[in-house]
Amino acid sequence: MFALALAFSATAFADGPPVKKSKNGICHAVGTTYYSRTKHYTPYASMAACLNSGGRRPKR
C-alpha cells in the first residue's frame, strides 16, 4: 500500500496533494497551518477520504 501511495502522489499531484495525513494520523488540507511542514505523509484527494481512512482533523 505504501508503494501505491508513493506512485499516486508522484503522478496525481504535481504541486502536492490536496490533503496530507501525517504519521500521527492528522489530516492537513492545503492552506492550513501545518500543511507545508508535514513531510512524512499519506496523500489524499479530499478531507473526507482522509477522515474515512481513520485520520482526524487538527485541533486548531
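Just above, that's the structure.
Residues numbered from 1 in each chain as written. Predicted model: local features only at pLDDT ≥ 70, side-chain atom pairs only at ≥ 80, totals over all residues. Heavy atoms only, no water.

Enquirer: Would you explain the pairing of strand S1 (residues 19-22) in this entry?
Expert: Regular strands show a simple pattern: their side chains alternate between the two faces of the sheet. Residues Val-19 and Lys-21 line one face of S1 and the alternating positions Lys-20 and Ser-22 line the opposite face, and both faces are buried. Relative to strand S2 (residues 27-29), S1 is paired through 3 bridges, and the arrangement is antiparallel. Paired with Val-19 across the strands is Ala-29, a residue of S2. Hairpin geometry of S1 and S2 is characterised by an intervening segment of 4 residues between the two adjacent antiparallel strands and by a positive phi of about 85 degrees at Gly-25. Bridge analysis of S1 against strand S3 (residues 41-44) gives 4 bridges, and the strand direction is antiparallel. Paired with Ser-22 across the two strands is Tyr-41, which belongs to S3. (Buried < 20%, exposed > 50% of the residue type's maximum accessible area, 1.4 Å probe, protein only. Helix = DSSP H or I, 4+ residues; strand = E, 2+ residues; numbered from the N terminus. Pairing = 2+ DSSP bridges.)

Enquirer: How should the side chain of Thr-38 be read in this particular structure?
Expert: Residue position: Thr-38 is located in the loop between S2 and S3. Only 2.8 Å separates the side chain of Thr-38 from the backbone oxygen of Tyr-34, close enough to count as a polar contact. Beyond its immediate stretch of four places on either side in the chain, Thr-38 contacts Lys-20, Ser-22 and His-28. (Polar contact = N/O pair within 3.5 Å; in protein donor to acceptor, adjacent residues only side chain to side chain. Contact = heavy atoms within 4.5 Å.)

Enquirer: How should the state of the cysteines be read in this particular structure?
Expert: Note on terminology: a disulfide is the covalent bond linking the sulfur atoms of two cysteines. Using the criterion set out here, one finds 1 disulfide in the structure. Disulfide pairing places Cys-27 opposite Cys-50 at an S-S distance of 2.0 Å. Looking down the S-S bond of the Cys-27 and Cys-50 bridge, the torsion is -90 degrees, so its handedness is left-handed. Placement of Cys-27 in strand S2 and of Cys-50 in helix H2 (residues 47-52) is noted, with a sequence separation of 23 residues between them. The two residues Cys-27 and Cys-50 agree in class, both being buried. (Disulfide = S-S within 2.5 Å.)

Worth remembering: the numbers are spatial, not functional.
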